[in-house]
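# Structural overview
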Amino acid sequence: MPVGGQRDEPTTRIPSAPAAPAPPPPGPPPAASPVSPPPAGEAPTTVIKTSAGGHRPARLLRDPLALVLIFVTVIALALAGLIGAELIARRIADNKVAKATECVVHDKATVSFGVTPPFLWQHFTGNYTNISIHTAGNQVKDAKQMTADLNISDVDLHGTGDSKGTIGALDATLTWPSAGIKETVQSMVPLLGNLVSDLKTNAQDGTVELKGAFGLATVVVKPEVVNGGLSLKVQKLTGLGALTLPRESIQPELDRFARELTKRYPLGVRADSIQVTDTGVVARFSSRDAAIPRSDDPCFAHL
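Residues numbered from 1 in each chain as written. Predicted model: local features only at pLDDT ≥ 70, side-chain atom pairs only at ≥ 80, totals over all residues. Heavy atoms only, no water.

### Here we look at the sheet that holds strand β9 (residues 217-226)
How we decide: For two strands to count as paired, DSSP must find a minimum of two bridges between them. Helix and strand definitions follow DSSP, with helices as H or I runs of at least four residues and strands as E runs of at least two, each counted in order from the N terminus. In this analysis an axis means a line fitted to C-alpha atoms, helices contributing only their contacting stretch, and an angle means the value between N-to-C directions, from 0 to 180 degrees.
On the basis of which strands lie adjacent, the open sheet formed by four strands has the order β7-β8-β9-β10 and antiparallel pairing. The sheet is open, and its two edges are formed by β7 (196-202) and β10 (229-239), each paired on a single side. The average angle at which neighbouring strand axes cross in this sheet is 25 degrees, direction not considered. In terms of strand pairing, β9 meets β10 through ten bridges, oriented antiparallel.

Right, here's the structure in full:
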């Protein structure tokens, strides 16, 4: 019983939280589970994990649109390469033929090869379908102010022992204005050159009239084609020319002049026609199935 008659109050006990279990003592790491060996006769398989991006090429190859785009790109690149090679080869060939032509005619020239088949094919096969040449119009050899337009076709460069090949057809048109004829006559025909002060062409009768100073002498000549060459036939002498320049003296000089103009034309080229116009003279030349001779001419050294 409590002392002094006092009662003790009842006491409530609050249970404490259970204590955390102690960690287990450290021990050896768990042993790796044994890997069973592969079955007899099979090689071990190595598994390599790849990221998600590693499957992208495979997905592209399975995509029809991607395949089409790849194919189109490859074809476009191949065509671009062929076109570039074609243009470069054409430019090189044009320049080489132009240089050779300039060396022969003593004037600037432009050259173009036929567009079909492609030039690379023509080059590799040695067969050229068409070559066009145009000169600047300053001169063709000794003929002043003359312009030459040439068209060469069916060139075969499979040569033999005495030729480099053959030319199927060559057609040339030579345009010679009146001023150029006068300048050429003055420099190449001594007997007439000092007397000629004017020159006039007459399309109606196909003649060329050479006039001396002050109209004292006039010589009328007619250009013609004779045996594949050009000829200048004296038609009329008037004024003092009839006395001082007899026909027997003038005609040989004109014949020599015509020969000098055409004697060095290569490949068997022959005159086909000559036409007198009101502004000058137009002559047409041609050759067929001509052999290309082997020559040491420096003009053709780089062809």
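Let us keep going from here.
### What to know about helix α4 (residues 178-188)
Applied cut-off: Burial classification: accessible surface area is computed with a 1.4 Å probe over protein chains only, and a residue below 20% of its type maximum counts as buried, one above 50% as exposed, and the rest as partly exposed. For this quantity, the arc is that covered by the directions from the helix axis to the C-beta atoms.
Among the residues of α4, Ser178, Gly180, Ile181, Thr184, Val185 and Met188 are the ones counted as buried. Along the long axis of α4, the arc covered by the buried residues comes to 160 degrees, so they all point the same way.

### Side note on empty space enclosed by the protein
Counted only if it meets this: Put simply, the grid is 1 Å and covers the protein atoms alone, a cavity is a trapped set of points that fit a 1.4 Å probe, a pocket is an open set with protein on both sides within 12 Å along at least five of seven lines, and lining residues have an atom within 4 Å of a point. Grid points are joined across faces, edges and corners, and a volume is the space filled by probe spheres set on the points. Side-chain classes are defined by residue name, with Ala, Val, Leu, Ile, Met, Phe, Trp, Tyr, Cys and Pro counting as nonpolar, Asp, Glu, Lys and Arg as charged, and the others, Gly among them, as polar.
Tallied over the entire structure, the rule returns two cavities of 30 Å³ or more. A volume near 300 Å³ is recorded for the largest cavity. Taken together, 24 residues line the largest cavity, and the ones lying closest to its centre are Trp176, Ile181, Leu232, Phe257 and Leu261. Those elements giving two or more residues to the lining of the largest cavity turn out to be β6 (163-177), α4, β8 (207-212), β9, β10, α7 (247-262) and β12 (280-293). Its residues assigned to classes, the lining of the largest cavity shows 23 nonpolar, one polar and no charged.

### Topic: the UniProt feature "transmembrane region" (unreviewed entry) in the protein
Operational definition: UniProt positions are given in the numbering used here, feature names are shortened, and annotations may be inferred rather than shown by experiment.
Taking the UniProt record as the reference, the feature "transmembrane region" (unreviewed entry) is found at residues 65-89. In residues 65-89, the share of helix is 100% and the share of strand is 0%. The end C-alpha atoms are 36 Å apart.

### Concerning a nonpolar patch on the surface
Put simply, the rule is: Without a salt bridge and with relative accessible area above 30%, a residue can belong to a patch; like charges are then joined within 9 Å and nonpolar side chains (Val, Leu, Ile, Met, Phe, Trp, Tyr) within 5 Å. Each accessible area is a Shrake-Rupley result for a 1.4 Å probe, and residues are judged covered by the shown protein chains and nothing else. Just to be clear on terms, a salt bridge is a Lys or Arg side-chain nitrogen sitting within 4 Å of an Asp or Glu carboxyl oxygen.
On the surface, Val68, Phe71, Val72, Ile75, Leu79, Leu82, Ile83 and Leu87 cluster together into a nonpolar patch covering about 780 Å² of accessible area. In this fold, Leu87 is placed in helix α2 (residues 64-105). For Leu87, a relative accessible area of 55% corresponds to the exposed category.

### Concerning the pattern of salt bridges
Counted according to the given criterion, the structure contains three salt bridges. A salt bridge links Arg90 to Glu86, with the shortest nitrogen-to-oxygen separation between them at 2.9 Å. Remark: Glu86 and Arg90 occur in helix α2; sequence separation between them is four residues, near one turn of the helix. On the basis of relative accessibility, which here comes to 14%, the residue Arg90 falls in the buried class. Between Arg288 and Asp171 there is a salt bridge, with its nearest N and O atoms 3.1 Å apart. With Arg288 in strand β12 and Asp171 in strand β6, this residue pair connects regions lying 117 residues apart in the sequence.

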